[in-house]
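# Secondary and tertiary structure notes
Spelled out from the first residue to the last, the chains are:
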Amino acid sequence: MRRMMAEVFGRRDGTNSGKGGSMHIADFSVGMLGANGIVGAGMAIACGAAQALKLQRKRNIVTCFFGDGAVNRGPFLEALNWACLYKLPVLFVCEDNRWSSTSSTGELTAGAGVVARSVALGVPAESVDGNDVEAVSELAQRLVREIRGGEGPRLMHALTRRMRGHLSSDKQTYRDPVDIEIATKEEPMQRARKRLLERGASQAQIDCVDAEVSQELQEALAFAEASPMPQPIEAFAEVQTLGEGTWY
């Protein structure tokens with residue numbers, strides 16, 4: 001978390017020396033192949049990585065996360081077609097919060113939706129309550145077992161609700177306030193806390209976990225703020241070149 005926070009701050013100690021930021025963060029040491037600002041592009045990248053794993057006969061799998069808005073873009077068709085044809089070890093996870101930036105996804109999507117599209121392309125897909133942490137975990141574990149068993153790709157369709165805007169400056173004036181209120185009530189962490197209390201966990205135990213997470217976040221923030229800014233000359237390091245460039 002410290003190096004990730006430093007990257008978001010654009011600092012030298014970040015996972016990408018401050019050059020990636022939140023939009024292009026990557027960390028190959030933990031299998032994070034990199035985020036990017038192209039909607040849906042991660043699906044094709046995931047297939048490339050999964051193809052490599054299969055060629056190397058490794059048991060690893062690739063997990064790719066994307067939003068419901070990405071389902072209407074070309075990479076979704078290309079990636080699922082590719083994954084199905086070659087039975088690639090990849091788990092596609094659609095985090096469906098019902099909004100594509102500032103537009104309702106339902107008004108932009110034809111047909112029966114992501115599950116139907118996935119099945120039509122030959123990739124088994126299942127929906128799950130994305131706000132139920134246990135349900136998500138159980139389905140994910142089963143799908144991973146199936147993928148590791150050589151059964152090919154799978155898709156998880158996790159339905160959730162967006163609480164905040166697409167951007168920090170998004171005031172969501174286009175959205176019904178009741179929808180935001182419902183999203184807040186169905187927030188997954190609150191549901192998980194309530195379930196733990198019903199099963200015998202104490203409020204003190206839950207507060208302790210919250211305190212530990214808060215402490216970890218504060219330490220990451222302090223680490224990022226203390227990390228030095230990159231030197232201007234470092235902008236020319238770790239950059240791909242196809243030959244001697246001309247600088248103006």
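Our subject is the structure that appears above.
Residues numbered from 1 in each chain as written. Predicted model: local features only at pLDDT ≥ 70, side-chain atom pairs only at ≥ 80, totals over all residues. Heavy atoms only, no water.

## So, the pattern of salt bridges
- Under the counting rule described, the total for this entry stands at 17 salt bridges.
- Among the salt bridges present, the one from R195 reaches E134, with a minimum N-O distance of 2.6 Å. Of this pair, R195 sits in helix 7 (residues 188–198) while E134 sits in helix 5 (residues 133–148); the two residues are 61 residues apart in sequence, bridging distant segments of the chain.
- Here R195 falls in the partly exposed class, since its relative accessible area comes to 24%.
- Residue classification places E134 among the partly exposed residues on the basis of a relative accessible area of 30%.
- Residue E186 pairs with R161 through a salt bridge whose shortest N-O separation is 3.3 Å. Placement of the pair is E186 in the loop between helix 6 (177–185) and helix 7 and R161 in the loop between strand 6 (154–159) and helix 6, with a sequence separation of 25 residues.
- Salt bridges sharing common partners tie together E126, R142, E146, E151 and R154. (Salt bridge = Lys/Arg side-chain N within 4 Å of Asp/Glu carboxyl O. Helix = DSSP H or I, 4+ residues; strand = E, 2+ residues; numbered from the N terminus. Buried < 20%, exposed > 50% of the residue type's maximum accessible area, 1.4 Å probe, protein only.)

## A few points about unusual backbone geometry
- Backbone geometry places R98, a non-glycine residue, at a positive phi of 75°.
- Relative to the assigned elements, R98 resides in the loop between strand 2 (90–96) and strand 3 (99–100).
- For R98, a relative accessible area of 31% gives the class partly exposed.
- Not every positive phi belongs to a glycine, and S101 is a case in point at roughly 60°.
- With respect to the helices, strands and loops of the structure, S101 is situated in the loop between strand 3 and strand 4 (103–104).
- By relative accessible area, which is 31% here, S101 ends up partly exposed.

## What about the sheet that holds strand 5 (residues 125–129)?
- On the basis of which strands lie adjacent, the open sheet formed by 4 strands has the order 1-2-6-5 and parallel pairing. Either end of the sheet is taken by a strand with one partner, and the two such strands are strand 1 (62–67) and strand 5. Adjacent strand axes in the sheet meet at a mean angle of 20° when their direction is disregarded.
- The pairing of strand 1 with strand 2 spans 6 bridges and is parallel. Directly across from F66, in strand 2, lies its bridge partner C94.
- Contacting strand 1 and strand 2, helix 2 (residues 41–55) runs over the sheet at an angle of about 170° to strand 1.
- This element, helix 3 (residues 74–85), spans strand 1, strand 2 and strand 6 of the sheet and lies at about 150° to strand 2. (Pairing = 2+ DSSP bridges. Axes fitted to C-alpha atoms, helices over the stretch in contact; angles between N-to-C directions. Contact = heavy atoms within 4.5 Å.)

## Observations regarding the packing of helix 7 against helix 8 (residues 203–226)
- At a closest axis distance of 10 Å, the pairing of helix 7 and helix 8 adopts a crossing angle of 145°. Between helix 7 and helix 8 lies a crossing of right-handed hand. In contact with R193, L196 and L197 of helix 7, helix 8 contributes Q203, I206 and D210.
- Residue composition of the contact of helix 7 with helix 8, by class: 3 nonpolar, 1 polar and 2 charged. (Left-handed = near helix turned anticlockwise from the far one by under 90°. Nonpolar A, V, L, I, M, F, W, Y, C, P; charged D, E, K, R; others polar.)

## Remarks on the pairing of strand 5
- Where strand 5 lies against strand 6, 5 bridges are found, and the strand directions are parallel. Bridging from a neighbouring strand, A125 pairs with L155 of strand 6.
- For the handedness criterion, the β-α-β arrangement of strand 5, helix 5 and strand 6 is classed as right-handed. (Right-handed = clockwise from strand over helix to strand, strands pointing away.)

## So, the environment of E151
- Checked against the element boundaries, E151 lands in the loop between helix 5 and strand 6.
- When the C-alpha atoms of E151 and K87 are compared, they prove to be 6.9 Å apart, with 64 residues separating the residues in sequence.

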